[in-house]
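Residue strings, one per chain:
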Amino acid sequence: MSKTIGILTSGGDCAGLNAAIRAVVFRAHQLGWKVLGIETGTAGLFDSPPKVRELKPKDFSGNVMRLGGTILGTTNNRNPFEYPMDDGSVKDRSEELIAAAKGLGIEALIGVGGDGSFDILTRLATQGGINFVGIPKTIDNDVGLTDVSIGFDTAVAVATEALDRLQPTAASHDRVMILEVMGRDAGHIALTAGIAGGADVILVPEVSYTIEKIAEKIKSLKTSGRNFALIIVSEAVKGPDGEAREVVFHGGETRYGGIGHYLGPKIAEATGSETRVTVLGHVQRGGSPTYNDRLLASALGVKAAELVNDGKFGRMVAWQNRQAVDVSIADAIKDCHTVEPQGALVKTARALGISFGD
Ligand code: F6P
């Protein structure tokens, strides 16, 4: 009888998740394993019976690897250790979840997630004695010990295209365009897309800025004959008052957002330039994955199935120096992998004359 791997996607979705699931299923079947897909992340295990379905290679014979989102569904606000109950209270439901996972008869669990999900899943695995392997995904690219996470490349491609589309309209109207991008506490999307998309100013949470320095850069562009400017700003950049801009949703949940609109009038006033703001939002997470994300997801999915087959657990598959390797998952999530202010890409940007507002 073949042994079974459970797989779930957890946290915010991104492009490339389906390609990763496909790779796990293909390689696991080659190695003689069955794969059980757990739906809506850990939340699917709270249902009775748990929301699971067997995944077979034939389920992926069509266009699934080309699709954005996740065929399994996901959740990013149902921490089982602090589960929000209907009456407004919070309850530790970890034991319930562990019992449900064990009831599936799986020998191992593969979680495709970011640092927040890995923190929860590894705690569950340790508490419940579950064999766990992680595959890193997040547009924020803030998981440690991997050069890149699934979904980042597609998000950067979308943000770069947004700058490409903003540039002609900015030039037609003599405007300063501000593009606000996601990334949570890491400025990787803004930095990478800012270089690739020809931004004049890149604002990331890792480098502090002043409005005066941004205005100086824009005025110098004007003096040199340029009639427009492009600014890309990470959502977690704080206002000059030191406050993070946040959006509060129904129910009290908060997310970063609003720094673009906060800066717009201030930059307009300081430069005398007409200024417009675009907030890219979840567009960065959807859509068909780039070829880089498909390749990465394929390599990491294959490696994850092989780790399970080799009985190597508590590991995260990672991309280092153009190959799939495995690292300690605890080490990978120890620190948030943010932009290195003295790092190579920041130096490249500065060498191109891009200002960080500092
Ligand atoms: O972590 C991925 C991410 O897209 C962040 O960049 C962003 O801050 C957050 O998730 C948005 O979360 P939600 O999908 O819950 O609005």
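Residues numbered from 1 in each chain as written. Predicted model: local features only at pLDDT ≥ 70, side-chain atom pairs only at ≥ 80, totals over all residues. Heavy atoms only, no water.

Undergrad: How should unusual backbone geometry be read in this particular structure?
TA: Excluding glycine, residues mostly carry a negative phi; peptide bonds, for their part, are mostly trans. Looking along the chain, the bond that leaves S48 and enters P49 is cis, with omega of -5 degrees. Relative to the helices and strands, P49 is located in the loop between β2 (33-38) and β3 (52-55). Positioned with a positive phi, L145 is a non-glycine residue whose angle comes to about 65 degrees. The phi angle at D174 is positive, at roughly 55 degrees, despite the residue not being glycine. Mapped onto the fold, D174 is located in the loop between α4 (152-173) and β8 (175-181). The exposure class of D174 is partly exposed, given its relative accessible area of 47%. (Helix = DSSP H or I, 4+ residues; strand = E, 2+ residues; numbered from the N terminus. Buried < 20%, exposed > 50% of the residue type's maximum accessible area, 1.4 Å probe, protein only.)

Undergrad: Please clarify how the sheet that holds strand β9 (residues 201-203) should be interpreted in this entry.
TA: Note: strands within a sheet are paired through backbone hydrogen bonds, in either parallel or antiparallel orientation. One open sheet accounts for four strands, arranged β9-β10-β8-β13; its pairing is parallel. Of all strands in the sheet, those bounded by a partner on one side alone are β9 and β13 (274-279). The mean angle between the axes of side-by-side strands here comes to 15 degrees, regardless of whether they run parallel or antiparallel. The sheet contact formed by β8 and strand β10 (residues 229-234) spans six bridges and is parallel. Paired with E180 across the two strands is V233, which belongs to β10. In the packing of helix α6 (residues 211-223) onto the sheet, the strands contacted are β8, β9 and β10, and the crossing angle to β10 comes to about 155 degrees. (Pairing = 2+ DSSP bridges. Axes fitted to C-alpha atoms, helices over the stretch in contact; angles between N-to-C directions. Contact = heavy atoms within 4.5 Å.)

Undergrad: What's the story with the packing of aromatic side chains in this structure? I'm lost.
TA: All told, the structure shown has three aromatic pairs when counted by the stated rule. Between F46 and Y83, the aromatic rings sit 4.8 Å apart at their centres with planes inclined by 70 degrees, giving edge-to-face as the arrangement. In this pair, F46 is assigned in the loop between β2 and β3 and Y83 in strand β4 (residues 83-84), connecting sequence segments 37 residues apart. Residues F46 and Y83 agree in their burial class; the two are buried. Residues F118 and F132 carry aromatic rings whose centres are separated by 6.4 Å and whose planes lie at 70 degrees to one another, so their mutual orientation is edge-to-face. Within this pair, whereas F118 is found in helix α3 (residues 115-128), its partner F132 is found in strand β7 (residues 132-136), the two being separated by 14 residues in sequence. According to the relative accessible area criterion, F118 is buried, its value standing at 0%. One residue, R245, lies across the ring of Y262, its end atom 3.8 Å from the ring centre. (Phe/Tyr/Trp six-rings, centres within 6.5 Å; stacked < 30°, edge-to-face > 60°. Lys NZ or Arg CZ within 6 Å of the ring centre and 35° of its normal.)

Undergrad: I'm lost on the side chain of R245 in this one. Help?
TA: Looking at the secondary structure, you find R245 in the loop between β10 and β11 (246-248). Reaching out from R245, the side chain makes a polar contact with the side chain of D241 at a distance of 2.6 Å. Among all residues touching R245, those that are not within four sequence positions of it are E235, G239, R255, Y256, G257, G258, I259 and Y262. (Polar contact = N/O pair within 3.5 Å; in protein donor to acceptor, adjacent residues only side chain to side chain.)

Undergrad: Just to check I follow, could you spell out the nonpolar core for this structure?
TA: The nonpolar side chains of a soluble globular protein tend to be buried with one another. Core analysis: the biggest nonpolar cluster contains 62 residues, and I7, I110, I135, I202 and I232 have the highest contact counts within it. For this core, the element with the highest residue contribution is α4, accounting for eight residues. With residues near it in sequence (within four places) discarded, I7 still touches I21, V24, V35, L36, G37, I38, L55, L72, L109, I110 and V112. Grouped together as the second largest cluster of nonpolar side chains are 28 residues, L8, A101, M316 and I333 included. (Core = buried A, V, L, I, M, F, W, Y, C linked by side-chain atoms within 4.5 Å.)

Undergrad: Quick question: what am I supposed to make of the site of the ligand here?
TA: What surrounds the ligand is the set N76, I139, D140, M182, G183, R184, E235, R255, H282 and R285. Contact between the ligand and G183: an oxygen atom at 3.1 Å from a main-chain N or O atom of the residue. Taking H282, its side chain carries an N or O atom lying 3.0 Å from an oxygen atom of the ligand. Considering the ligand on its own, with 400 Å² of exposed area, one finds that the protein chains cover 87% of that surface. Here the residues of the shell around the ligand are counted per class, giving two nonpolar, three polar and five charged. (Near = heavy atom within 4 Å. Areas by Shrake-Rupley, 256 points an atom, 1.4 Å probe, with all protein chains shown as cover. Nonpolar A, V, L, I, M, F, W, Y, C, P; charged D, E, K, R; others polar.)

Undergrad: I keep staring at the packing of helix α1 (residues 17-30) against helix α8 (residues 291-310) and nothing clicks. Help me out?
TA: For any two helices packed against each other, the geometry is given by the interaxial angle and the distance between the axes. At their nearest, the axes of α1 and α8 sit 7 Å apart, and the two run at 40 degrees to each other. Classified by the angle their axes make, α1 and α8 are oblique. Considering only the axes of α1 and α8, their crossing is right-handed. On α8, the residues touching A19, A20, A23, V24, R27 and A28 of α1 are R294, A297, S298, G301, V302, A305 and E306. When grouped by side-chain class, the residues that make up the contact of α1 with α8 number eight nonpolar, two polar and three charged. (Parallel < 35°, antiparallel > 145°, perpendicular 65-115°, else oblique. Left-handed = near helix turned anticlockwise from the far one by under 90°.)

Undergrad: Please clarify how the packing of α6 against helix α7 (residues 259-271) should be interpreted in this entry.
TA: Their axes nearest at 9 Å, the elements α6 and α7 cross at an angle of 55 degrees. With respect to α7, the element α6 is oriented oblique. Read as a crossing pair, α6 and α7 show a hand that is right-handed. Across the interface between the two elements, I211, I214, A215, I218, K219 and K222 of α6 pack against L263, K266, I267, A270 and T271 of α7.

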